[in-house]
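Chains, contacts and geometry: an overview
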Amino acid sequence: MNICYISECNFYDEDGVTVIDTVPTDFGKVPVAPAAPEKPGYTFVGWTYNGTTYAPGQTFTMPNGAIYLEGEFVADEFDAVFYATGGYFGSDETATTATVKVFYDDIGTSPAKPVRSGYEFLGYTDTEGSASIVLQANAAFTMDAEGKTYYAVWKATIADYTIEYYEMAVDGTYPAAPTSSTTRSGNVEGTVTAPVNVPTGFTLDEEDAVTAEKSILSGTVTPAPNNLVLKVYYSRNQYSVYTVVDSVKTEAGKFFFGADVTVADPPAKEGYTAVWSPAVTSPMEAQDQELTAVYTAVNYT
């Protein structure tokens, strides 16, 4: 007489509660362990019963009575990558990234503050280009099933600013490009002032006295990309040329410093030659000129 004992195999998640699969099996039969279940962040090791682990698809002999096989998982390891975003970690200036390896759902610690000359470290963001801080240096974070990426967020403490100098041309207009420029550095949010050294024949144009351009002599240092630009405009002075004829003084014209000077000859007098004394100086010097007509009788022999 053959006696058949009916049993079943229950396959549980590692929590011991969630049933993955149930296989009714006769005593003495060889059931097959089911396929590996999926669990984000974990790798399936096998089905464990009574100290023995069975791989998916592996067979085993069924005892007399129900048995319970528990799924065994091990957490996967993921990378948390930290970008210094213009700085570096430690003392190695080429160390622009730092990687922390952490198992899924475990606690990792962010690296120490990176270094960047002229900047203050504010923290880490998880979105490139964002200024929203989600993690500080040497702080705990929990690893997810996809890995993590963080970017350093900085606040500039020192920034460059530019001083542009414009010298008016002899036609009374300013050039589109600066005559000269210089770049300096200053504390962000600090106030800086442009050095002014007015060249001979020029005047600092700061009150729109000559043109629409206006000097910007001071300002607050701001970080890139909106760096401060100071502008210094030097307007070219105008000087007068006066003529004196028979003791009558007349303004012959005004000329910009450095411009060519043209003055008509003295009025002619019959029987005399005439010249200006002193002679006309050209280009215009940084002072007025006074020219006196000198007549010399012609010697007829």
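Residues numbered from 1 in each chain as written. Predicted model: local features only at pLDDT ≥ 70, side-chain atom pairs only at ≥ 80, totals over all residues. Heavy atoms only, no water.

**Here we look at the layout of surface pockets**
Worth spelling out the cut-off: Here a cavity denotes grid points, spaced 1 Å and computed from the protein atoms alone, that fit a 1.4 Å probe unable to get out, and a pocket denotes an open set having protein on both sides within 12 Å along at least 5 of 7 lines; residues with an atom within 4 Å of a point are the lining. Grid points are joined across faces, edges and corners, and a volume is the space filled by probe spheres set on the points. Runs of H or I in DSSP of at least four residues are treated as helices and runs of E of at least two as strands, each being numbered from the N terminus. Note that Gly is not counted as nonpolar here; it falls among the polar residues with everything else outside the nonpolar set of Ala, Val, Leu, Ile, Met, Phe, Trp, Tyr, Cys and Pro and the charged set of Asp, Glu, Lys and Arg.
Roughly 190 Å³ of volume is contained in the largest pocket. Lining the largest pocket are Thr85, Arg116, Tyr119, Thr125, Glu128, Gly129, Ser130, Ala131, Tyr151, Ala152, Val153 and Trp154. Elements with a minimum of two residues in the lining of the largest pocket: strand E9 (119–125) and strand E11 (148–156). When residues in the lining of the largest pocket are grouped by element, the largest group, four residues, is from E11. Its residues assigned to classes, the lining of the largest pocket comprises six nonpolar, four polar and two charged.

**Focus: the sheet that holds strand E7 (residues 97–103)**
Going by this rule: Only strands joined by at least two bridges in the DSSP assignment are considered to pair. Here an angle of 0 to 180 degrees is reported between the N-to-C directions of two axes, which are lines fitted to C-alpha atoms, with helices fitted over the stretch in contact.
Spatially, four strands are ordered E7-E6-E11-E9 in an open sheet, and the strand pairing comes out mixed. A strand with exactly one partner marks an edge of an open sheet, and here the two such strands are E7 and E9. Strand-to-strand twist of the sheet, defined as the mean angle between neighbouring strand axes without regard to direction, takes the value 20°. When strand E6 (residues 77–83) meets E7, the two strands line up antiparallel, connected through seven bridges. Each bridged residue has a counterpart across the sheet, and for tyrosine 83 the counterpart in E7 is threonine 97.

**Digging into the nonpolar core**
For clarity, the threshold we go by: To define a nonpolar core, start from buried Ala, Val, Leu, Ile, Met, Phe, Trp, Tyr and Cys residues and group those joined through side-chain atoms within 4.5 Å. The buried label applies to any residue whose accessible area, calculated with a 1.4 Å probe on protein chains only, is under 20% of its type's maximum; exposed applies above 50%, and partly exposed to all values in between. Any pair of residues with heavy atoms lying within 4.5 Å of one another is described as a contacting pair.
Counting 28 residues, the largest nonpolar core has Tyr161, Ile163, Leu230, Val232 and Val241 as its most contacted members. Contributions of two or more residues to this core are made by strand E12 (158–167), strand E15 (202–204), strand E17 (229–236), strand E18 (238–245) and strand E21 (289–297). Per element, the largest residue contribution to this core is four residues, and it comes from E12. Dropping the residues within four chain positions of it, isoleucine 163 is found in contact with Ser180, Ser181, Thr182, Arg184, Ala194, Pro195, Leu230 and Val232. Phe82, Tyr124, Leu135 and Ala137 belong to the second largest nonpolar core, which has 18 residues in total.

That's the geometry; what it means functionally is another story.
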